[in-house]
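Descriptive analysis of the structure
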Amino acid sequence: MTVAGKIGVVGAYSTRYESRTLKETHEMIHEVASHVFNTVDKGMSPREVDLIIVSNYSDSFGGILHSAPLVASYIGNSDAKGFRVENACASGSTAVFLAWKLLMSGAFKNVLIVGFEKMSVIGSSAKTNELLMRTGSPEEYKVGAPFMSLYALMAKEYMRRYGATEEDLAMVAVKNHENAIRNPLAQFQKKITVEDVLRSPYISKPLKLFDASPISDGAVALLLSSEPRKYTDTPVYIAGIGLNHDYPGVYQREDMASIKAAKLSADEAYKMSGLSHKEVDLFEVHDAFTIAEIILYEMLGLAAKGEGYKLVREGVTSFNGSKPVNPSGGLKAKGHPIGATGVGMVAEVYWQLRGEAGARQVSGAEVGLVENHGGTGGTSVVIVFRR
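The structure contained in this document is the topic of the report that follows. Residue numbers here run from 1 along each chain, matching the order of that chain's written sequence. With the structure being a predicted model, the display of local features is reserved for residues of pLDDT at least 70 and the display and counting of side-chain atom pairs for 80 or more, all residues being used for whole-chain, interface and lining totals. By convention in this description, side-chain values take in all heavy atoms of the structure and omit both hydrogens and water.

A count of helical and extended segments in the protein chain gives 13 helices and 11 strands. Using C-alpha atoms as the atom set, the radius of gyration is obtained and then compared with a globule rule of 2.2 Å times the number of residues to the power 0.38. Its C-alpha atoms give the protein chain a radius of gyration of 19 Å, within 12% of the compact-globule value 21 Å for 387 residues. With respect to the principal axes defined by its C-alpha atoms, the protein chain has extents near 55 × 45 × 35 Å. Summary of the burial criterion: residues with accessible area below 20% of their type's maximum are buried, those above 50% are exposed, and those between are partly exposed, where the area comes from a 1.4 Å probe applied to protein chains only. The buried share among the 387 residues of the protein chain stands at 61%. Contact definition: two residues touch when any of their heavy atoms are within 4.5 Å. Of the contacts formed within the protein chain by residues at least 6 apart in sequence, a portion of 78% connects residues at least 24 apart. The accessible surface values rely on the Shrake-Rupley method and a 1.4 Å probe; as for residues, cover is taken only from the protein chains in view. Accessible area for the protein chain stands at about 13900 Å²; split by element, carbon and sulfur atoms hold 53% of it. Think of it this way: Lys and Arg go in the positive column, Asp and Glu in the negative one, and His and the chain ends go nowhere. By convention, charge coordinates are those of NZ in Lys, CZ in Arg, CG in Asp, or CD in Glu. The distance from the centre of the 41 positive side-chain charges to the centre of the 42 negative ones in the protein chain is 1 Å. Helix and strand definitions follow DSSP, with helices as H or I runs of at least four residues and strands as E runs of at least two, each counted in order from the N terminus.

See below:
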């Protein structure tokens with residue numbers, strides 16, 4: 001076991017991701033914070049938690065701030081220390097990174113992570129876009145460049161250089177929607193075709209409506225421990241982890257057809273774990289837009305530069321392929337409640353490696369990887385998990 005490998009996930013609980021939940025934000029938080037303790041095999045008292053980390057992108061989505069003491073009150077443990085973390089769409093995985101660091105330091109023994117977002121409270125797509133645009137560079141924000149237009153720039157550059165097509169992007173969406181049908185927690189339970197994607201309206205060419213992840217509501221909780229076998233005989237260990245940054249603005253980067261921070265974080269996580277992409281059995285990656293998943297194939301070592309789109313053409317990353325990517329349905333079809341997203345990706349790998357993923361279970365999975373990035377790649381966290 002590597003030095004990193006002594007920290008383990010011992011419990012996970014998630015609401016279903018929905019387009020418009022009937023639950024209030026505080027009700028979602030209460031649900032996951034309370035129920036996650038019931039998922040620990042040998043039991044864990046809320047009093048054993050000594051640190052609470054809450055992941056939430058914006059109080060405009062859900063209207064709650066000062067959320068750590070709220071969680072502490074819900075679990076009946078105000079002696080636990082706590083704080084909230086925000087790192088754009090990578091908020092959830094950043095919470096896991098911080099939990100791991102603090103557990104490794106010996107300052108804490110057990111961490112409760114709660115990620116949430118209720119995006120449906122915003123009444124218009126224009127306002128939602130305005131909030132999301134704040135994760136880019138000030139220059140992009142000033143000119144009103146929305147997320148989808150920035151990812152469209154990345155897609156155009158990638159397609160220009162390497163010959164990928166709109167059909168290749170569509171195949172990513174089709175794959176992830178098919179995976180989501182097997183996932184009872186997923187927002188979309190509908191199969192789509194390549195033709196459906198291609199017929200959907202352009203939002204920012206070449207990206208269409210069906211190339212984008214949805215607006216989502218949801219919450220997820222995790223329990224991490226520095227003494228995982230005290231709580232379960234089958235913990236899922238953090239074998240390697242990395243967090244890195246790039247320029248927040250797409251226009252500032254050396255290569256618009258890459259997500260450099262993901263490559264840096266993957267290299268760190270692989271080195272720490274002593275594993276490579278060859279040993280990883282499944283991947284949960286940040287497919288907020290279809291082009292991102294294709295680029296991430298390359299950043300994570302699954303394909304050479306400029307050849308990621310070939311993997312989806314060949315079925316390598318399909319559910320029954322040799323390297324399944326986003327068996328949960330991904331952000332594209334499972335959903336993307338920002339503060340919960342990275343936490344939910346970790347929960348999915350936890351269930352997969354314990355053999356608890358039901359109809360979407362990847363057979364024999366022992367090693368899984370999460371890549372969760374913020375903005376258009378200004379931050380990326382990569383975590384390698386193993387049984």
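On we go.
In this section: the nonpolar core. Buried Ala, Val, Leu, Ile, Met, Phe, Trp, Tyr and Cys residues form a nonpolar core when they are joined through side-chain atoms within 4.5 Å. Of all hydrophobic cores here, the largest spans 96 residues; its most connected members are I113, L222, L224, I238, F283, F289 and F385. Here this core takes 10 residues from helix α13 (residues 338-353), the largest share from any one element. The contact partners of F289, leaving out residues within four places of it in the chain, are F147, M148, Y151, L207, D211 and A212.

Positionally, Q187 belongs in the loop between α7 (166-180) and α8 (194-199). Looking at Q187, the relative accessible area reads 11%, which means it is buried. Polar contacts here mean pairs of N or O atoms no more than 3.5 Å apart (in protein, one a potential hydrogen donor and the other a potential acceptor; neighbouring residues in sequence count only if both atoms are side-chain atoms). One polar contact links Q187 to S216, side chain to side chain, over a distance of 2.6 Å. Setting aside anything within four residues of it in sequence, one finds Q187 in contact with R16, Y17, E18, S19, P214, I215, S216, A333, K334 and G335.

The next subject is the sheet that holds strand β1 (residues 8-14). In space, the nine strands of this open sheet follow the order β3-β2-β4-β7-β1-β8-β11-β10-β9, with mixed pairing throughout. The outermost strands of the open sheet, each flanked by one partner alone, are β3 (81-85) and β9 (282-285). Across the sheet, the mean angle separating the axes of adjacent strands is 25° when strand polarity is ignored. Two strands qualify as a pair provided DSSP detects at least 2 bridges between them. Sheet analysis places strand β10 (residues 367-374) next to strand β11 (residues 379-386), joined by eight bridges and oriented antiparallel. To get an axis, a line is fitted to the C-alpha atoms, and for a helix only the part in contact is used. The angle between two axes follows their N-to-C directions and goes from 0 to 180 degrees.

Let us look at the packing of aromatic side chains. Aromatic rings from Phe, Tyr and Trp, with only the six-membered ring used for Trp, were paired whenever their centres fell within 6.5 Å, and each pair was classed as stacked if the ring planes differed by under 30 degrees, edge-to-face if by over 60, and tilted otherwise. Under the definition given, this model contains six aromatic pairs. Both rings, one in F97 and one in W100, keep their centres 6.2 Å apart while their planes meet at 45°; by these two values the pair is tilted. A residue pair is termed a helical-turn pair when its members lie 3 or 4 positions apart in one helix, as F97 and W100 do in helix α3 (residues 91-105) at three residues. Like F97, the residue W100 is buried in the burial classification.

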